[in-house]
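One-letter residues, chain by chain:
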Amino acid sequence: AAVAFTGGPFTTKMLFRTVLCILALGIDTTGAFQAPARAGWTRTTPLMSTNDLYAAAPAGQTTGNVFAGVAGNGPRNRDAESTILVQGGSLRTWSYRSPLVEQVQVVLSTEGRPLDADIELWHGPDNTPCKMRVYVENGQLRPFSAVIDTPRGPNTVAIRNIGQIEFPFAADVYANDVEDPSEECIASSATIQGGALRTYPFDTLVDSVEVLLKTDGRPLNARIELLQGPNNNKEVIELYTEDGFDRPFFCILETPGSGNVVRIVNTAPVEFPMTAAVVPHSINENMGAGAVLGGDVVIGGDLGW
């Protein structure tokens, strides 16, 4: 079939000449809009997202995990492979279908920013037997670590970052080698009536403390505060458990520095008492090394003049 050109004779001649020139010269027009390649240049660093901070590194390659040393400040030094980065406003869940899993430990930490999270235990549809609200001023200096009882599986642990998007935190939930309260902690339990509170001051040498709360089978409502100075909350935990005997609460609070006081408040009515125990977990014996009692300490002296 003949091809008709609507243009004039001059336009037709120009089109034929252009086609003939392209065929004669063998010009490849497929790469006309491709960027020229740089000689000898290759990408050596793979592009990674923030979720890859905790992904397993390929063989022979190390990841730049900014939270790698954070989890080591807590009760247990966990591998970065099992840690998940939870962005602000997002939710992560850990499910355990086996009924053999009776306890899990939750460890939360940051790179030095505040930590604000909601932790819930889901046992069946629309059943939340345990939930807590956690706030930590510095998630690197004081990582959060708590043990949640999960009897009669399946159970799901849900952790939600209720902070802003600028405040992510690292979360790790594991069922192996879970921390247990010491014999001293179990033996030192004392009753706190509903609406009452009790404070536990600690020495500077104490690096961390154990907190154990339970009831005789009644619901457990409590608030745990770590104070350092007058009304200066470094860590706050608001706790609810539907059965304080079947699901007691145990956590380890990091207490660096001096002037640390743990305050336990029974927020339930007077009909719901609870038992609480707070004892030292780890002691820094090297903190007092080199100190001389009655040494040359001058307050307001001419130091540096």
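Engineer: Can you tell me about the overall build of the protein, naming the residues and giving the values?
Structural biologist: When helices and strands are tallied, the protein shows two helices and 16 strands. For the protein, the proportion of its 305 residues judged to be buried stands at 35%. In the protein, of all internal contacts separated by at least 6 residues, the share reaching a separation of at least 24 is 79%. With an accessible surface of roughly 18000 Å², the protein has 54% of that area assigned to carbon and sulfur atoms.

Engineer: Describe the confidence of the model for the protein, naming the residues involved and giving the relevant values.
Structural biologist: Taken as a whole, the protein shows an average pLDDT of 80; of its residues, 70% reach a score of 70 or greater. Considering only residues more than four positions removed or in separate chains, one finds that residues 31–35, a stretch of pLDDT under 50, has zero contacts.

Engineer: Hey, could you go over the sheet that holds strand β9 (residues 190–192) for me, with residue numbers and the actual values?
Structural biologist: Spatially, eight strands are ordered β1-β8-β3-β6-β14-β11-β16-β9 in an open sheet, and the strand pairing comes out antiparallel. Of all strands in the sheet, those with a lone pairing partner are β1 (84–86) and β9, marking the two edges. Mean inter-strand twist for the sheet, computed between neighbouring axes without regard to direction, equals 25 degrees. Where β9 lies against strand β16 (residues 274–283), three bridges are found, and the strand directions are antiparallel. Each bridged residue has a counterpart across the sheet, and for Thr-191 the counterpart in β16 is Thr-275.

Engineer: Residues and numbers for the nonpolar core, please.
Structural biologist: The biggest cluster of nonpolar side chains holds 44 residues, and the ones touching the most others in it are Leu-108, Ile-119, Met-132, Ile-159, Leu-213, Val-262 and Ile-264. Ignoring anything within four residues of it in the chain, the contact list for Met-132 reads Ala-117, Asp-118, Ile-119, Phe-144, Ile-148, Ile-237, Glu-238, Leu-239 and Phe-249. In terms of nonpolar packing, the next biggest core, distinct from the first, is built from eight residues, Val-147, Cys-185, Ile-252 and Val-279 among them.

Engineer: How would you sum up the pairing of strand β7 (residues 155–161)? Please name residues and give values.
Structural biologist: The element β7 is extensively covered by neighbouring structure, given that six of its seven residues are classed as buried. Bridge count for strand β2 (residues 91–96) against β7 is six bridges, and the pairing is antiparallel. Counterpart to Ser-95 in the pairing with β7 is Thr-156. Direction of pairing for strand β4 (residues 115–122) relative to β7: antiparallel, over a ladder of six bridges. Its bridge partner lying in β7, Trp-122 is registered against Thr-156.

Engineer: Give a description of the pattern of salt bridges that names residues and reports values.
Structural biologist: Across all of its chains, the model carries seven salt bridges by this definition. The closest approach of N and O atoms between Arg-113 and Glu-111, which form a salt bridge, is 3.5 Å. On the basis of relative accessibility, which here comes to 36%, the residue Glu-111 falls in the partly exposed class. Linking Arg-223 and Glu-225 is a salt bridge whose minimum nitrogen-to-oxygen distance equals 2.7 Å. Given a relative accessible area of 5%, Glu-225 falls into the buried group. Look at the salt bridges and you will find they share partners, linking Arg-223, Glu-225 and Arg-263 into a network.

Engineer: An account of the pairing of strand β3 (residues 103–109) is requested, with residue identities and associated values reported.
Structural biologist: Sheet faces and side chains relate simply in a regular strand, where the side chains alternate between the two faces. In terms of burial, β3 is a largely internal element, six of the seven residues being buried. Here six bridges tie β3 to strand β6 (residues 144–149), and the two strands are oriented antiparallel to one another. Pairing of Val-104 across the sheet is with Ile-148, part of β6. Inspection of the sheet shows β3 paired to strand β8 (residues 169–174) by five bridges, in the antiparallel sense. The residue of β8 that forms the bridge with Ser-109 is Ala-170.

Engineer: Summarise unusual backbone geometry; cite the residues concerned and give the values.
Structural biologist: Positioned with a positive phi, Asp-126 is a non-glycine residue whose angle comes to about 55 degrees. Take Asp-126: it is sitting in the loop between β4 and β5 (130–136). Despite not being glycine, Asn-231 has its phi angle at roughly 55 degrees, a positive value. Checked against the element boundaries, Asn-231 lands in the loop between β12 (220–228) and β13 (233–241). For Asn-231, a relative accessible area of 68% corresponds to the exposed category.

Engineer: Could you give an account of the state of the cysteines, naming the residues involved and the relevant values?
Structural biologist: A covalent bond between the sulfur atoms of two cysteines is what we call a disulfide. For the coordinates displayed, the defined rule picks out zero disulfides. With no disulfide of its own, Cys-251 has Cys-185 as its nearest cysteine by sulfur position, at a separation of 9.4 Å. The class for Cys-251 is buried, based on a relative accessible area of 0%.

Cut-offs applied
Residues numbered from 1 in each chain as written. Predicted model: local features only at pLDDT ≥ 70, side-chain atom pairs only at ≥ 80, totals over all residues. Heavy atoms only, no water. Helix = DSSP H or I, 4+ residues; strand = E, 2+ residues; numbered from the N terminus. Buried < 20%, exposed > 50% of the residue type's maximum accessible area, 1.4 Å probe, protein only. Contact = heavy atoms within 4.5 Å. Areas by Shrake-Rupley, 256 points an atom, 1.4 Å probe, with all protein chains shown as cover. pLDDT = per-residue confidence, 0-100. Pairing = 2+ DSSP bridges. Axes fitted to C-alpha atoms, helices over the stretch in contact; angles between N-to-C directions. Core = buried A, V, L, I, M, F, W, Y, C linked by side-chain atoms within 4.5 Å. Salt bridge = Lys/Arg side-chain N within 4 Å of Asp/Glu carboxyl O. Disulfide = S-S within 2.5 Å.

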